[in-house]
Amino acid sequence: MDKTILDLLKKGGFVLYARHGKSTEGVDQPYLNFQDCYTQRNLSEVGRREAIYFGQILRYLQIPISSPIVASPFCRTFQTAQLAFPYAYIQIDPIGYEIYKLGGNVPIDEKTNILSNLQSVLERKPPQGTNQVIIAHSFPEGVGLGNISNMGMVIVKPKGPGNGYEIIKKLTLEDLPLLGSNSN
């Protein structure tokens, strides 16, 4: 892994978009209710450990994170944020639900609106010297940030409102500790 990425992250200025930890098998219920975790797939025990590990690695690498941590309204994303960042304020953002809907059959105009909303979120620069963490969902292949593994992370460089963003690197959870090593 390129150690210069870690140096950049330590200076801040990035959006760290992460997918939630591994969830339980099954599907979210048609009568999905964000306040009722029984209507959704939730974090599995493996997913809980992944979330804790994710937060520990970011702290170990001394990557500065801004508050609040942004999470999708699903229980599995909120729980991931709580486990990874137990002392941080977590803000629910409906963009996560919109991203989730991209995995279904959405009309092209709605898809365009969702991706436009996502772009405006990813263009926003975090507070000076910090990185913004968003915990949400994977995307269909070739859409948005693409497929993201459980607890995987996409490092995004915001260029400011209306100026787009750049994807710097896509990492799996297994890649994260390698940011601190000198190996390529």
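The notes below deal with the structure included here. All of these numbers come straight from a predicted model, not from anything done at the bench.

**Some details on the nonpolar core**
Here's step 1: Counting residues in hydrophobic clusters, the biggest one holds 27 residues, and the most contacted among them are Leu9, Leu16, Phe54, Phe85, Ile155, Leu176 and Leu179.
Here's step 2: Looking at this core, the elements that each hand over two or more residues are helix 1 (3-11), strand 1 (15-19), helix 2 (45-60), strand 2 (69-71), helix 3 (75-84), strand 4 (132-136) and strand 5 (153-158).
Here's step 3: Among the elements that line this core, the one with the most residues is helix 2, at four residues.
Here's step 4: Apart from residues lying up to four places away in sequence, Leu16 is in contact with Leu9, Ile63, Ile65, Asn131, Gln132, Val133, Ile134, Met153, Val154 and Ile155.

**What about the pairing of strand 6 (residues 165-171)?**
Here's step 1: In the sheet, strand 5 pairs with strand 6 via six bridges, with the strands oriented antiparallel. Note on strand 6: the bridge partner recorded for Ile155 is Lys169.
Here's step 2: Counting the residues that bridge the hairpin from strand 5 to strand 6 gives six residues, and of these Gly160 lies at a positive phi of roughly 100 degrees.

**Examining helix 2**
Here's step 1: For helix 2, built from 16 residues, the straight-helix expectation of 22 Å at 1.5 Å per residue is met to within 8% by its first-to-last C-alpha distance of 22 Å.
Here's step 2: Every buried residue of helix 2 is listed here: Gly47, Glu50, Ala51, Phe54, Gly55, Ile57 and Leu58. Seen end-on, helix 2 carries its buried residues on one side only, within an arc spanning 160 degrees. Away from its buried face, by an angle of more than 90 degrees, helix 2 presents the exposed residues Glu45, Arg49 and Tyr60.
Here's step 3: Of the surrounding secondary structure, the elements contacted by the buried residues of helix 2 are strand 1, helix 3 and strand 5.
Here's step 4: Downstream of helix 2 by one or two residues, Gln62 has phi in the positive range, about 60 degrees.

**A look at the packing of aromatic side chains**
Here's step 1: Counted under the stated rule, the structure contains seven aromatic pairs.
Here's step 2: Geometrically, the ring pair formed by Phe54 and Phe85 is edge-to-face, given 6.2 Å between the ring centres and 90 degrees between the ring planes. A residue pair is termed long-range when its members are at least 10 positions apart, and Phe54 in helix 2 and Phe85 in the loop between helix 3 and strand 3 (90-92) qualify at 31 residues. In this structure, Phe54 and Phe85 share a single accessibility class: buried.
Here's step 3: Centre to centre, the rings of Phe74 and Tyr97 are 6.1 Å apart; their planes meet at 35 degrees, and the pair counts as tilted. Here Tyr97 lies in helix 4 (residues 95-101) and Phe74 lies in the loop between strand 2 and helix 3, a separation of 23 residues in the sequence.
Here's step 4: On the accessibility criterion, Tyr97 (30% relative accessible area) is partly exposed.
Here's step 5: Looking at Lys157, its charged tip hangs above the ring of Phe14, at a distance of 4.8 Å from the centre.

**Description of the pattern of salt bridges**
Here's step 1: Applying the stated rule across the entire model yields one salt bridge.
Here's step 2: The salt bridge involving Lys101 is made with Glu110; its shortest N-O contact spans 2.8 Å.
Here's step 3: Exposure remark for Glu110: the relative accessible area of 26% places this residue in the partly exposed category.

Rules of the game
Residues numbered from 1 in each chain as written. Predicted model: local features only at pLDDT ≥ 70, side-chain atom pairs only at ≥ 80, totals over all residues. Heavy atoms only, no water. Core = buried A, V, L, I, M, F, W, Y, C linked by side-chain atoms within 4.5 Å. Buried < 20%, exposed > 50% of the residue type's maximum accessible area, 1.4 Å probe, protein only. Helix = DSSP H or I, 4+ residues; strand = E, 2+ residues; numbered from the N terminus. Contact = heavy atoms within 4.5 Å. Pairing = 2+ DSSP bridges. Expected span 1.5 Å × (residues − 1). Arc of directions from axis to C-beta. Phe/Tyr/Trp six-rings, centres within 6.5 Å; stacked < 30°, edge-to-face > 60°. Lys NZ or Arg CZ within 6 Å of the ring centre and 35° of its normal. Salt bridge = Lys/Arg side-chain N within 4 Å of Asp/Glu carboxyl O.

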